[in-house]
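# Inside the fold
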Number of protein chains: 2
Amino acid sequence: MSKVPPQIFTPFIRLNKRIATPLYLQLYEQIKQAIFNGQLKEGERMPSTRILAAELSVSRNSVFMAYEQLMLEGFMDGKRGDGTYVCGQLNDATQKNGKTARRRNTLADTIRYKDPSLPQETLLSDSSLEPGLPFQVSVPAIQQFPFKVWARIAAGVYRNIQSLYLGYADTQGYLPLRQALADYLRVNRSINCTPDQILIVNGSRQAINLSAQILLKKGDPCWMEDPGYRTARAAIMRWGGKICPVPLTPYGLDIDYAIQHYPAAKLAYVTPSHQYPLGGALPLAERLKLLQWAAKNQLWLLEDDYDSEFRYNGRPVPALKGFDDKGNVIYIGTFSKVLFPALRIGYMVLPTAAMAQQFKIVKSTIDRQSPVIDQAILTQFMREGHFARHLRRMRTLYKKQQDDLTQLLEKHLHKYITVAPSDTGMHLIGWLKQPCNMPLLLKKANAIGMIIQPVADYCIKFQHPPGLLLGFTGFSYEALEAAVLQLKSLLAQTR
Amino acid sequence: MSKVPPQIFTPFIRLNKRIATPLYLQLYEQIKQAIFNGQLKEGERMPSTRILAAELSVSRNSVFMAYEQLMLEGFMDGKRGDGTYVCGQLNDATQKNGKTARRRNTLADTIRYKDPSLPQETLLSDSSLEPGLPFQVSVPAIQQFPFKVWARIAAGVYRNIQSLYLGYADTQGYLPLRQALADYLRVNRSINCTPDQILIVNGSRQAINLSAQILLKKGDPCWMEDPGYRTARAAIMRWGGKICPVPLTPYGLDIDYAIQHYPAAKLAYVTPSHQYPLGGALPLAERLKLLQWAAKNQLWLLEDDYDSEFRYNGRPVPALKGFDDKGNVIYIGTFSKVLFPALRIGYMVLPTAAMAQQFKIVKSTIDRQSPVIDQAILTQFMREGHFARHLRRMRTLYKKQQDDLTQLLEKHLHKYITVAPSDTGMHLIGWLKQPCNMPLLLKKANAIGMIIQPVADYCIKFQHPPGLLLGFTGFSYEALEAAVLQLKSLLAQTR
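The model shown is predicted, which means the values in this text are computed figures rather than measured ones. Along each chain, the written sequence defines residue order, and numbers are assigned to residues from 1. The lettering of chains begins at A and the numbering of ligands begins at 1, in the order of writing. In keeping with the model being predicted, local features are shown solely for residues with a pLDDT of at least 70 and side-chain atom pairs are shown and tallied solely at 80 or more, while totals for entire chains, interfaces and linings include all residues. The side-chain values count all of the structure's non-hydrogen atoms but skip hydrogen atoms and water molecules.

### Quick look at the side chain of Lys-360 of chain B
Residue and element names in this part refer to chain B. This is how it is decided: Starting at the N terminus, helices and strands are each numbered in turn, a helix being any DSSP run of H or I of at least four residues and a strand any DSSP run of E of at least two. Throughout this description, buried means an accessible area under 20% of the type-specific maximum (1.4 Å probe, protein chains only), exposed means over 50%, and partly exposed covers the range between. Polar contacts, as used here, are pairs of N or O atoms within 3.5 Å; protein pairs need one atom able to donate a hydrogen and one able to accept it. Residues neighboring in sequence count only if both atoms are side-chain atoms.
Mapped onto the fold, Lys-360 is located in helix α13 (residues 353-366). Given the relative accessible area of 10%, Lys-360 is considered buried. At 3.1 Å, the side chain of Lys-360 and the side chain of Asp-170 are in polar contact.

Quick look at the structure:
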């Protein structure tokens, strides 16, 4: 570079003193733009701050700040006493940056996540959980949630927010919530555990993922209910587990089959209180058999107790974990169904505090602790008895909605569908009395905004008669009746 | 079983009508306990509901409900007209369940998570982020956060909570927040993106994990700054990436070295705005070189912009993503440092909306959406200008605290430590002028509740002179001075 290069002219710079943007920022932006546009070229010498300030009628300080920032970012290069130059090494990428046109992006276009376990369409399952669509499954009656109470408690938590530690807090979860959970689980699920065995997670999905990540080695055989929860299957496969499909008895997992066919299994994913999606509940004798086998054969039992609270007759069945005196059961619970899904709070009960520490370590590398303020609100909500009250109200409501749907199906659809009574849960299975053109049925249902999921979507290896999952929670009698009549019309069209 | 078995006696049942527990529950519990204790044995016939009700002077309905629950749970087996029996198949596990003694748990004791990339002690890093400990790193001045404003906004969100959808909402994140972020990024980080390129995540850790999971195949070489962010290294290794340590220039990643030694790399984890932990910032020319290489060689650039907001001189440097017209950069931001860590809201900007969809799919299998209410509060906080205002206030505060620490180190520790001035960030590096017994220093610091992390903890392959990370955010001048004097005393003891 010559010592005395020609000074450039700056007619392209137009500063506006009437707008809020500081002059130095306007200058910075316009010089940068001029470099991008090619008006200023590599190696050109910029005017001195004094000269440019005079030319533009601004303070020298404004020019100095703009230059400083441009040098900091590498757009200009300045040496004291030797002037300031437009920086070298600006290349094609810079020149094009100012333009809006974007070329087809080759690398990003290559990204298509392939999950070995799931068809692509079932991964994008947000759409099947849209609010208010008839027969949607597992979405609570959110409009019934006591948000006023929740908001009042939230206001109290916010008033005393200085008492919460809002830094990187304990990854294991807010201790008072773990204490409240231990109390709740002891009374309601017959689980004796201490708060240091509990880990708070972002919903049950994170719990399942953590368990698969920590417990599985590549190729480990895993018992999986068939039909069963697809997200669990995906997580197990993602972490190297080998899926061993186990058929169901009317009560849930066929334990004898599993033992006979896959005796070397390392992990079993089970929903003993309410099999998902068919709804059976394992009797005590089966539970004990499972526990005994697990203890003798070093098998982990991943107990997903996702909606055990919604038992409409009698008390909830004690959890498998309640009988687990050898420590083979990892218990998973969630507030998504009993409060509202957007809360994203779930929890795990690990066999020992030491094992909970190991899970906590891994969670800390994945996303650290779950949000603290919501945990504090939930704790207070439980302590004041609102949680138990809300559960009771929802149990009554859902029982009625289940009865409504059962009656409506019998009234309008007895020609097409058999419904087995169910004591639990948030959906019924409607078994089709005769085969129908299922793809056509689903397509037509989708076209009118109705969500029906076939049982077959949850199957791995074992075939079932055609059946549909029919959610009933959160719908009025009128909405359910309208949906049943719509379904009748669809079934008539697709026999 | 005989048709006419002997009726059992029930002297062990003692019901208390004065306590709140319903009689049927007391009865249920005591019969269950009697089965566990062996007082009731397999095959024994229970009294009829009529007889037991009379014997206990309770309503027949109470007995009926207790029996029903016991049958439901498999403790009893009943056939109409044939009496009710204590259930068979009760085994050892049941007998022991009533006892409190727990044996050493063999399976749970085997669980010790081994992360190939990290020494066990660095995984349990919660302790290094305890509130108020001198020199802790990356913890914002939480007490300065405008919680009153946040609480007021929260109250408003709760008042209109019916307008939020609190079911399983869009996994990609709350749309108004993504819109607010796109605006923020355009103005402050020179990133042009649309809300559909943004994915809301639970902090930057989840973003890094998702990226590694989706982008890496086993054995893919990955550039990693050395020293660099350990959590990123762990995530890359967990998903099969091969770590390629790249030394640093004073500005950050040594791009020439990386290109020369690892030309086949598929992914690079970079902190171009503020190298973590050493603090350099890549000049424009280096950024462009990196982008050009990435575009030509199908290299993903994972840009972690974790505390770019805390730039004390001049404006924040535009993000690498701001110059990325070929779509090789995945941008990661977080609110943990600029608001408060317990919020757990981070975000990613993907090169295309289609690629964001792929990331969303995977997040949906891991934990679904991030909590919605906090996202809505944050959106309003940004829209009302509080976010920008808080950032400005913190920048001023941290600048002062950085100056304070620099002066104090020069005043008291010039014999031991050199501090390089830094324009950015939440900590300084104190370089030791002479070797010290580092393990002893750390042990003594730990004993007095002082957190100092050696630079060596962040190193992979390349050695650095001994240095310490010294956080300054959130400490008063007095607290900083006391800590510096404590450190002086420790250094004197461990020369």
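### Topic: the sheet that holds strand β15 (residues 453-454) of chain B
Residues and elements named next belong to chain B. Here is the rule we go by: For two strands to pair, DSSP has to find at least two bridges joining them.
Reading across from one edge, β13-β14-β16-β15 is the order of the four strands in this open sheet, with antiparallel pairing throughout. A strand with exactly one partner marks an edge of an open sheet, and here the two such strands are β13 (417-419) and β15. Across five bridges, the pairing between strand β14 (residues 427-432) and strand β16 (residues 467-471) is antiparallel. Looking at the pairing, Gly-430 lines up with Leu-468 of β16.

### Some points on the packing of aromatic side chains
Residues and elements named next belong to chain A. Condition: Side-chain rings of Phe, Tyr and Trp, where Trp is taken by its six-membered ring, are said to pair if the distance between their centres is within 6.5 Å; with planes under 30 degrees apart they count as stacked, over 60 as edge-to-face, and otherwise as tilted.
Throughout the structure, instances matching the rule amount to 37 aromatic pairs over all chains. Seen in terms of ring centroids, Phe-145 and Trp-150 are 5.6 Å apart; in terms of plane orientation they differ by 65°. Their pairing is edge-to-face. Comparing Phe-145 with Trp-150 shows no difference in burial state: the two are buried. Measuring from ring centre to ring centre gives 5.1 Å for Tyr-184 and Phe-387, while their planes differ by 70°; the resulting arrangement is edge-to-face. A residue pair is termed long-range when its members are at least 10 positions apart, and Tyr-184 in helix α8 (residues 175-189) and Phe-387 in helix α15 (residues 386-413) qualify at 203 residues. Here Tyr-184 falls in the buried class, since its relative accessible area comes to 9%. Aromatic rings pair up to connect Phe-145, Phe-147, Trp-150, Phe-340 and Phe-381 into one cluster.

### Focus on the confidence of the model for chain A
Rule in force here: Per-residue confidence from the predictor is reported as pLDDT, a score between 0 and 100. A contact between two residues is defined here by any heavy atoms of the two lying within 4.5 Å.
Residue-level pLDDT values for chain A average 84, and 88% of them are 70 or greater. Of the regions scoring below 50 in pLDDT, residues 89-104 of chain A engages in 28 contacts with residues more than four places distant in sequence or in other chains.

### Points about the side chain of Thr-231 of chain B
Residue placement: Thr-231 of chain B occurs in helix α10 (residues 230-238). Classification of Thr-231 of chain B as buried rests on a relative accessible area of 12%. Filtering out sequence-adjacent residues up to four positions away, Thr-231 of chain B remains in contact with Thr-365 of chain A together with Arg-205 of chain B.

### As for the environment of Ala-155 of chain A
Looking at the element boundaries, Ala-155 of chain A is found in helix α7 (residues 147-159). Separated by 222 residues in sequence, Ala-155 of chain A and Ile-377 of chain A place their C-alpha atoms 9.0 Å apart.

### Section: the pairing of β14 of chain B
Counted residue by residue, β14 of chain B has six buried out of six residues, so it is predominantly covered. Every second residue of β14 of chain B is oriented toward a common face, with His-427, Ile-429 and Trp-431 of chain B on one face and Leu-428, Gly-430 and Leu-432 of chain B on the other, all of them buried.

### Remarks on the packing of helix α9 (residues 203-215) of chain B against α13 of chain B
All names here are of chain B. This is how the line gets drawn: Lines fitted to C-alpha atoms define the axes, with helix axes restricted to the stretch in contact, and inter-axis angles between N-to-C directions lie between 0 and 180 degrees. Reported orientations rely on four angle classes, namely roughly parallel under 35 degrees, roughly antiparallel over 145, roughly perpendicular from 65 to 115, and oblique for the rest. Just so you know the grouping, Ala, Val, Leu, Ile, Met, Phe, Trp, Tyr, Cys and Pro go in nonpolar, Asp, Glu, Lys and Arg go in charged, and all remaining residues, Gly too, go in polar.
Where α9 meets α13, the closest approach of the two axes is 10 Å, and the angle between their N-to-C directions is 110°. Considered as vectors, α9 and α13 are oriented roughly perpendicular to each other. Residue-level inspection shows Gln-206, Leu-210, Ser-211, Gln-213, Ile-214 and Leu-215 of α9 in contact with α13, the latter providing Met-355, Gln-358, Phe-359, Val-362, Lys-363 and Ile-366. Residues of the contact of α9 with α13, tallied by class, amount to seven nonpolar, four polar and one charged.

### Remarks on the environment of Asp-404 of chain A
All names here are of chain A. Checked against the element boundaries, Asp-404 lands in helix α15. In this structure Asp-404 comes out as buried when scored by relative accessible area, which is 8%. In this structure the C-alpha to C-alpha distance between Asp-404 and Tyr-477, which are 73 residues apart in sequence, comes to 6.5 Å. Every residue in contact with Asp-404, bar those within four places of it in the chain, is listed here: Tyr-477 and Leu-480.

### With respect to the nonpolar core
The test is simple: By nonpolar core is meant a set of buried Ala, Val, Leu, Ile, Met, Phe, Trp, Tyr and Cys residues that side-chain atoms within 4.5 Å join together.
Ranked by internal contacts, the top residues of the largest apolar core, which has 153 residues, are Trp-150, Phe-335, Leu-339 and Phe-340 of chain A together with Trp-150, Phe-335 and Leu-339 of chain B. Non-local contacts of Trp-150 of chain B, meaning those with residues more than four positions away in its chain, are made with Tyr-158 and Ile-373 of chain A together with Phe-145, Leu-339, Phe-340, Leu-343, Ile-377, Leu-378 and Phe-381 of chain B. With 83 residues, the next largest nonpolar core counts Ile-111 and Tyr-458 of chain A together with Leu-302 and Tyr-458 of chain B among its residues.

### Notes on the pattern of salt bridges
Pairing of side chains with opposite charge becomes possible as their charged atoms draw close. Residues and elements named next belong to chain A. For clarity, the cut-off: The working definition used for a salt bridge is a side-chain nitrogen of Lys or Arg within 4 Å of a carboxyl oxygen of Asp or Glu.
Under the criterion given, the structure shown has 28 salt bridges over all chains. A salt bridge links Glu-286 to Lys-289; the nearest nitrogen and oxygen atoms lie 3.2 Å apart. Of this pair, Glu-286 and Lys-289 both sit in helix α12 (residues 284-297), three residues apart, which is roughly one turn of that helix. Of the residues examined, Glu-286 reaches a relative accessible area of 16% and is grouped as buried.

### Looking at the pairing of strand β11 (residues 329-334) of chain B
Look at any regular strand and the pattern is simple: side chains alternate between the two faces of the sheet. Residues and elements named next belong to chain B. Of all six residues that make up β11, six are buried, and the element is covered over most of its length. In β11, alternate side chains face the same way, and those of Val-329, Tyr-331 and Gly-333 on one face and Ile-330, Ile-332 and Thr-334 on the other are all buried. Bridging between strand β10 (residues 300-304) and β11 involves four bridges; their strand directions are parallel. Its bridge partner lying in β11, Glu-303 is registered against Tyr-331. With four bridges joining them, β11 and strand β12 (residues 346-349) adopt antiparallel strand pairing. Residue pairing across strands places Ile-332 opposite Met-348, the latter belonging to β12.

### Considering helix α3 (residues 60-72) of chain A
All names here are of chain A. To keep it simple, the criterion reads: A helix is expected to span 1.5 Å for every residue after the first. As used here, the arc is the angular range of directions from the helix axis to the C-beta atoms.
The first and last C-alpha atoms of α3 sit 18 Å apart over 13 residues, in line with the 18 Å expected at 1.5 Å per residue. Within α3, the full set of buried residues consists of Ser-62, Val-63, Ala-66, Tyr-67, Gln-69 and Leu-70. Seen end-on, α3 carries its buried residues on one side only, within an arc spanning 165°. Just downstream of α3 lies Gly-74, where phi reads positive at about 85°.

### Observations concerning the sheet that holds strand β15 (residues 453-454) of chain A
All names here are of chain A. Here we have four strands laid out as an open sheet, ordered β13-β14-β16-β15, and antiparallel in their pairing. Whereas interior strands pair on both sides, the edge strands pair on one side only; in this sheet they are β13 (417-419) and β15. The pairing of β15 with strand β16 (residues 467-471) spans two bridges and is antiparallel. Across the sheet, the residue bridging to Pro-454 is Leu-468, located in β16. Seen against the sheet, helix α17 (residues 477-493) touches β13, β14 (427-432) and β16 and runs at an angle of roughly 160° to β16.

### Side note on the packing of helix α16 (residues 438-447) of chain B against helix α17 (residues 477-493) of chain B
Residues and elements named next belong to chain B. Put simply, the rule is: In this scheme the handedness of a crossing depends on how the near helix is turned from the far one: anticlockwise by less than a right angle means left-handed, clockwise means right-handed.
Two elements in contact, α16 and α17, have axes separated by 10 Å at closest approach and are oriented at 140°. Between α16 and α17 lies a crossing of right-handed hand. Here Leu-441, Lys-444 and Ala-445 of α16 lie close against α17, whose contacting residues are Leu-490, Leu-491 and Gln-493. Of the residues assigned to the contact of α16 with α17, the class counts are four nonpolar, one polar and one charged.

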